[in-house]
Amino acid sequence: MQKIKIKYFSEEIEKLTYIEGKSDWIDLRAAQEISMKAGEFRLIPLGVAMQLPEGYEAHVVPRSSTYKNFGILQTNSMGLIDESYCGDNDQWFFPALAMRDTVIHVNDRICQFRIMEHQPRIEFEETECLTGSDRGGFGSTGRQ
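Residues numbered from 1 in each chain as written. Predicted model: local features only at pLDDT ≥ 70, side-chain atom pairs only at ≥ 80, totals over all residues. Heavy atoms only, no water.

Participant: With reference to specific residues and values, describe the nonpolar core.
Facilitator: Among the nonpolar cores identified, the biggest contains 25 residues, and Ile-44, Ile-72, Trp-92 and Ile-110 are the most heavily contacted of them. Secondary-structure elements contributing two or more residues to this core are strand 2 (26-29), strand 3 (34-36), strand 5 (48-51), strand 6 (56-62), strand 9 (93-98) and strand 11 (109-117). Apart from residues no more than four positions distant in its own chain, Ile-44 is found in contact with Ala-30, Ile-34, Ile-72, Trp-92, Phe-93, Phe-94, Ala-96, Ile-104 and Ile-110. (Core = buried A, V, L, I, M, F, W, Y, C linked by side-chain atoms within 4.5 Å. Buried < 20%, exposed > 50% of the residue type's maximum accessible area, 1.4 Å probe, protein only. Helix = DSSP H or I, 4+ residues; strand = E, 2+ residues; numbered from the N terminus. Contact = heavy atoms within 4.5 Å.)

Participant: An account of the sheet that holds strand 4 (residues 41-45) is needed here, citing residue identities and associated values.
Facilitator: Where strands meet in a sheet, backbone hydrogen bonds hold them as pairs that are either parallel or antiparallel. Taken together, three strands build an open sheet; the order of strands is 4-9-7 and the sheet is antiparallel. One side of each edge strand has no neighbouring strand; the edge strands of this open sheet are strand 4 and strand 7 (72-74). Mean inter-strand twist for the sheet, computed between neighbouring axes without regard to direction, equals 40 degrees. Strand direction decides the pairing type here: strand 4 and strand 9, joined by five bridges, are antiparallel. When the sheet's bridge partners are listed, Phe-41 is paired in strand 9 with Leu-97. (Pairing = 2+ DSSP bridges. Axes fitted to C-alpha atoms, helices over the stretch in contact; angles between N-to-C directions.)

Participant: Quick rundown of the pattern of salt bridges? Include the residues and the values.
Facilitator: Counted under the stated rule, the structure contains six salt bridges. Residues joined by salt bridges that share partners form a network here, namely Asp-27, Arg-63 and Arg-109. (Salt bridge = Lys/Arg side-chain N within 4 Å of Asp/Glu carboxyl O.)

Participant: Provide a residue-level description of the environment of Leu-80, including the pertinent values.
Facilitator: Note on placement: Leu-80 falls in strand 8 (residues 79-82). Sequence separation between Leu-80 and Thr-127 is 47 residues; the distance between their C-alpha atoms is 31 Å. Among residues more than four places away in sequence, those in contact with Leu-80 are Glu-57, Ala-58 and His-59.

Participant: A description of the packing of aromatic side chains should follow, citing residues and the corresponding values.
Facilitator: Counted by the stated rule, this structure contains one aromatic pair. When the ring of Trp-92 is compared with that of Phe-113, the centres are 5.3 Å apart and the planes differ by 85 degrees; the resulting orientation is edge-to-face. Separated by 21 residues along the polypeptide, Trp-92 in the loop between strand 8 and strand 9 and Phe-113 in strand 11 bring together distant segments of the chain. Sitting over the face of the ring of Tyr-8, Lys-15 holds its NZ or CZ atom 4.1 Å from the ring centroid. (Phe/Tyr/Trp six-rings, centres within 6.5 Å; stacked < 30°, edge-to-face > 60°. Lys NZ or Arg CZ within 6 Å of the ring centre and 35° of its normal.)

Participant: Requested: an account of the pairing of strand 2, with residues and values cited.
Facilitator: Of the two faces of strand 2, the one holding Ile-26 and Leu-28 and the one holding Asp-27 and Arg-29 are both buried throughout. Summarising the sheet, strand 2 and strand 11 pair through four bridges and their orientation is antiparallel. Within strand 11, the residue paired with Arg-29 across the bridge is Arg-109.

Keep in mind these numbers describe shape, not what the thing actually does.
Below you can see the structure in the form of structure tokens.
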């Protein structure tokens, strides 16, 4: 099991933990009360910094209920935090765009993350023809 050093910037947020039996993603919480007007952008502090092991990165995405509950979108679609972002003041943030007026309270679960190994080094080999079966193009799996 990997051990990862974590620094908390707030005593008010719950410590990170898995939700046993449900997912290997870990929820992140707002570390500050944030009021946003529709159209406003804010970096929401998540109250943690980590020292990831060499060769690993964290992928940060919204929870499935984030938009429904708070009306915010993550502006970079997916956050990527690599092992070089590991200083004492390198707090994680959630870049949010409010689509409606909203208030996010301290300890609200707004996003989630998982830690992944870096992609292995690959080499591209150019070809004139691919041998797999065609699926029919973009959006080809249907609507149901």
